[in-house]
Amino acid sequence: MTGQERSEEKSECVSLSPMREAVPAPPECERVCVCGTGDLGRSLGLRLLQAGYGVVFGSRRPHSSSSLIPHGAQVLGHAAAAQSAHLIFIAVQREHYDFLVPLANQLKGKVLVDLSNNLRKNQYPEANAEYLQSLVPGAEVVKGFNTLSAWSLQNGPSDANRQVYICGESVEAKQAVMAVATKLGFSALDRGFLSVARELEDFPLQLFPQWRLPLYIATGLSAAFFFYLLIRDIIYAYVTQGKDISFRIIVSLANKVCPIVSLIMLSLCYLPGVLASFLQLYRGTKYRRFPDWLDRWMLCRKQLGLLALGFAFLHVLYTLIIPIRYYGRFKATEHTVSVIRENRTTEFDTTTAWRGDSYLSLGILGFSLYVLLGITSLPSVSNVLSWREFSFIQSKLGHLTLLLCTAHTYLYGWNKFLSSSTYKWYTPLGYMLCLVLPSVVLLLKLLLITPYTHTHRHTQNNTLSVMTALSSRHELLFLCYYTLKGWLTFNHRLQCFWDLKKTAITFN
Ligand code: NAP
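Since we're looking at a predicted model, the values are computed, not measured. Each chain has its residues counted from 1, running along the sequence as written. Residues qualify for local features only when their pLDDT is at least 70, as the model is predicted, and side-chain atom pairs are given and counted only at 80 or more; totals for whole chains, interfaces and linings, by contrast, use all residues. Excluding hydrogens and water, the side-chain figures rest on all heavy atoms present in the structure.

Close to the ligand lie 20 residues; T37, L40, S59, R60 and A150 are nearest. Two N or O atoms count as a polar contact when they lie within 3.5 Å, although within protein this holds only if one can serve as hydrogen donor and the other as acceptor, and sequence-adjacent residues are included solely when both atoms are side-chain atoms. R60 places a side-chain nitrogen or oxygen 2.9 Å from an oxygen atom of the ligand. Residue H96 places a side-chain N or O atom 3.3 Å away from a nitrogen atom belonging to the ligand. In the shell around the ligand, the residues fall into seven nonpolar, 11 polar and two charged. We call a residue near a given molecule or strand whenever any one of its heavy atoms falls within 4 Å of it. The nonpolar class holds Ala, Val, Leu, Ile, Met, Phe, Trp, Tyr, Cys and Pro. Asp, Glu, Lys and Arg form the charged class, and all remaining residues, Gly among them, are polar.

Of note, the phi angle at N122 is positive, near 55 degrees, even though the residue is not glycine. In this text, helices come from DSSP runs of H or I with a minimum length of four residues, and strands from runs of E with a minimum of two, each type numbered from the N-terminal end. Turning to its location among the elements, N122 is positioned in the loop between β5 (111-114) and α4 (128-135). Buried, partly exposed and exposed residues are distinguished by accessible area as a fraction of the type maximum, computed with a 1.4 Å probe on protein chains only: under 20%, between the cut-offs, and over 50%, respectively. On the basis of relative accessibility, which here comes to 58%, the residue N122 falls in the exposed class. Phi at Y426 is positive, roughly 60 degrees, even though this residue is not glycine. Here Y426 shows up in the loop between α15 (387-413) and α16 (430-448).

This brings us to the pattern of salt bridges. By definition here, a salt bridge exists when the distance from a side-chain nitrogen of Lys or Arg to a carboxyl oxygen of Asp or Glu is within 4 Å. This structure, assessed with the given rule, holds 11 salt bridges. Notably, a salt bridge pairs K256 with D233, separated by 2.7 Å at the nearest N-O pair. Placement of K256 in helix α9 (residues 252-283) and of D233 in helix α8 (residues 209-241) is noted, with a sequence separation of 23 residues between them. Overall, the relative accessible area of 29% leaves K256 in the partly exposed class. Notably, a salt bridge pairs E334 with K331, separated by 3.9 Å at the nearest N-O pair. Here the residue E334 and the residue K331 both occupy positions in helix α12 (residues 326-341), the gap between them amounting to three residues, near one helical turn.

Moving on, we come to the packing of α15 against α16. To get an axis, fit a line to the C-alpha atoms, keeping to the stretch in contact for a helix; angles then go from 0 to 180 degrees between the N-to-C directions. Packing of α15 against α16 leaves a shortest axis separation of 10 Å and a crossing angle of 140 degrees. Crossing of α15 against α16: the hand is left-handed. On α16, the residues that touch H399, L402, L403, T406, T409, Y410, Y412 and G413 of α15 are Y431, C434, L435, P438, S439, V441, L442 and K445. Residue composition of the contact of α15 with α16, grouped by class: 10 nonpolar, five polar and one charged. Throughout, a crossing is termed right-handed when the near helix is turned clockwise from the far one, and left-handed when it is turned anticlockwise from it by less than a right angle. Any two residues whose heavy atoms approach within 4.5 Å are treated as being in contact.

Attention now goes to the packing of α9 against helix α10 (residues 292-299). α10 packs onto α9 with a crossing angle of 140 degrees between their chain directions and a minimal axis gap of 9 Å. In terms of orientation, α9 lies oblique with respect to α10. The crossing of α9 and α10 is left-handed. The residues of α10 that touch α9, namely those facing L268, L271, P272, L275, A276 and L279, are W293, L294, W297 and M298. In the contact of α9 with α10, the residues fall into 10 nonpolar, no polar and no charged. For this classification, under 35 degrees means roughly parallel, over 145 means roughly antiparallel, 65 to 115 means roughly perpendicular, and everything else is oblique.

Moving on to the confidence of the model for the chain. On average, residues of the chain score 86 in pLDDT, and 84% of them reach the 70 mark or higher. Here residues 1-26 is a poorly scored stretch, pLDDT under 50, and it has 41 contacts once near neighbours within four places are set aside; other chains count. Confidence of the predictor at the level of single residues is given by pLDDT, which spans 0 to 100. Ignoring residues within four places in sequence, the model shows residues 460-471, a span with pLDDT below 50, making 28 contacts including any to other chains.

Right, dumping it as C-alpha cells:
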C-alpha cells in the first residue's frame with residue numbers, strides 16, 4: 001500500500017460509536033471486505049465479526065453510513081476497503097456493479113464473492129457472477145452465500161438452512177470462501193465451475209419445484225373423485241328419490257375422497273419402482289437411462305408419499321368424529337327404536353363382527369406404518385439411517401403398508417361389488433375404482449419377488465440375464481397376455497354370476 005493510499009484510507013475511515021456490546025476484532029485477525037452496507041452486507045458483516053474476522057465495509061458514503069453497522073467494523077470508501085482485504089464480498093445489486101469497473105486493476109488476483117440474486121428467472125442473458133467476472137477479469141469470482149437470507153445470517157445456522165453452495169473457476173478461491181463459510185458454522189458445498197452460477201441464482205426463486213407434480217396429482221384426484229361421488233351419492237339420491245342429503249358432502253363425502261386419494265397416491269409412489277424393474281428386465285440391463293417421465297416420477301415419490309400420508313391422516317380424523325356426528329347418533333337411535341317398536345330381535349352376526357374388526361385393525365396397522373414411512377422420509381431422520389435400513393423401511397415396509405391399506409379397503413367393500421344396486425347410473429363404487437391401481441402394483445411386485453426373477457436380479461450385478469423366466473421379452477409378453485386373459489375370464493364369470501342371480505330373483 002502506498003503512503004498516499006494509506007492516508008486516503010485514513011481520511012475515508014469512519015469510527016463508529018458502539019451500538020451493541022463491543023466485540024472488537026483482534027488486531028492480527030484476517031480481514032475481509034464487504035461491499036454494500038445494506039441488509040445482507042450488514043448481516044454478513046456481523047457474523048464475520050462474531051467468527052473473529054476483521055470486517056471492512058466498502059460504501060458509497062462512508063461518512064454517512066447507517067448507525068446499524070455492526071460494532072467493531074470499519075467503513076471505508078470502495079477503493080480503500082477493497083485495498084484492505086484479499087477476500088471481498090459483493091453485497092450490492094447486479095445493476096450497480098459498474099462501481100467496480102474503475103477498481104479493476106486494484107482487484108486483480110483478489111477473490112470476489114458474488115452474493116447477488118435476481119427478481120425473476122432469466123432476467124439477464126448471463127449469470128450475475130459471470131457478468132461480474134467480465135467486468136473485473138483479473139479477479140477470481142466465486143458465487144456463493146446467495147441462497148442464505150439476511151435473516152438466516154443474522155440468526156445463525158442453527159435456526160435456518162446450514163447449506164452454502166459455492167461455484168467458481170479457481171479452486172484456491174473457492175477453498176478460501178469455503179473456509180470462511182465453515183468458520184461461520186455453515187456447511188459449504190462446491191457445485192463446480194462458474195457456469196453453475198445461474199442455477200444457484202435461480203435457487204432462491206424456486207417455489208416447491210418437487211412438490212408441484214404431486215400437488216397437481218392430489219388436486220386432480222381429489223376434484224375428480226369429489227365430483228364422481230357427489231353425482232353418485234348426493235345427486236343420484238335427489239334425482240331418483242327426491243331426497244336432499246347434501247349435508248353429507250362435508251363429512252361423509254370428504255371421508256370417502258380422502259382414503260381414495262391416499263391409497264391411489266401411495267400406489268403411485270410404488271408404481272414407478274416396479275415399472276423401472278420391469279423395464280430393466282425387458283432391456284436386460286440396468287445400465288441404461290430411464291425415460292425422462294419415469295425419472296421425474298421417481299424423483300417425486302417422497303412428496304407423493306407425504307401427501308398420501310396427509311390424506312390418510314384426514315381420513316383417520318374424519319373417521320374418529322363419526323360417532324359424535326348428529327347423523328350417526330340419529331341413525332343409531334332410530335334403529336334401536338324401530339327394533340323395539342316392531343318387537344324384532346337382531347342376531348349377532350359373527351361374520352360381520354370379524355369383517356369389521358379385521359377391517360379396522362388392518363387400517364390401524366396400515367396407518368401406523370404409513371406414519372413410520374413419513375417420519376423416515378424426513379432428512380433429519382433419514383440422515384441417521386444406513387442405506388439398508390432406509391431401503392428396508394421405504395421399500396419392504398412401504399409395500400407392506402400398501403398391502404395392509406389395500407386389504408383394509410377390500411374388507412371395507414366386502415361383497416358390495418356383487419350387488420347390482422350399488423352400480424348407481426351404471427357407475428362402480430368409489431372404493432372399487434381406487435383398488436385398481438394398488439392391486440396392479442402389488443401384483444407386479446409379487447411377480448418381481450418370485451424366486452426366479454428375484455434371485456436373478458440380485459446375483460447378476462452388471463447384466464440382467466435374458467435367460468430368466470421374465471427377462472425374456474417373449475415371456476414377458478406371454479405374461480401380459482395371460483394376465484389379461486385371466487382378467488377377462490374373471491369378468492366373464494362375474495357377468496354370468498350376475499345374470500344367474502337376476503334370473504333367480506325373477507323366478508322368486
Ligand atoms: P440493500 O439492502 O438494498 O443494500 C444494497 C446496498 O448496495 C446498499 O446498501 C448500498 O450500500 C449498495 N448500493 C446501492 N446502490 C449502489 C450503487 N449505485 N453503487 C454501489 N453500491 C450501491 O440490498 P440487500 O438486501 O443487502 O441485497 C444486496 C445483494 O444481496 C442483492 O444483490 C441481493 O439480491 C443479494 N441477496 C440479498 C439477500 C437478503 O436477504 N437481503 C439474500 C441473498 C442475496 P452503500 O450505501 O453502503 O453503498
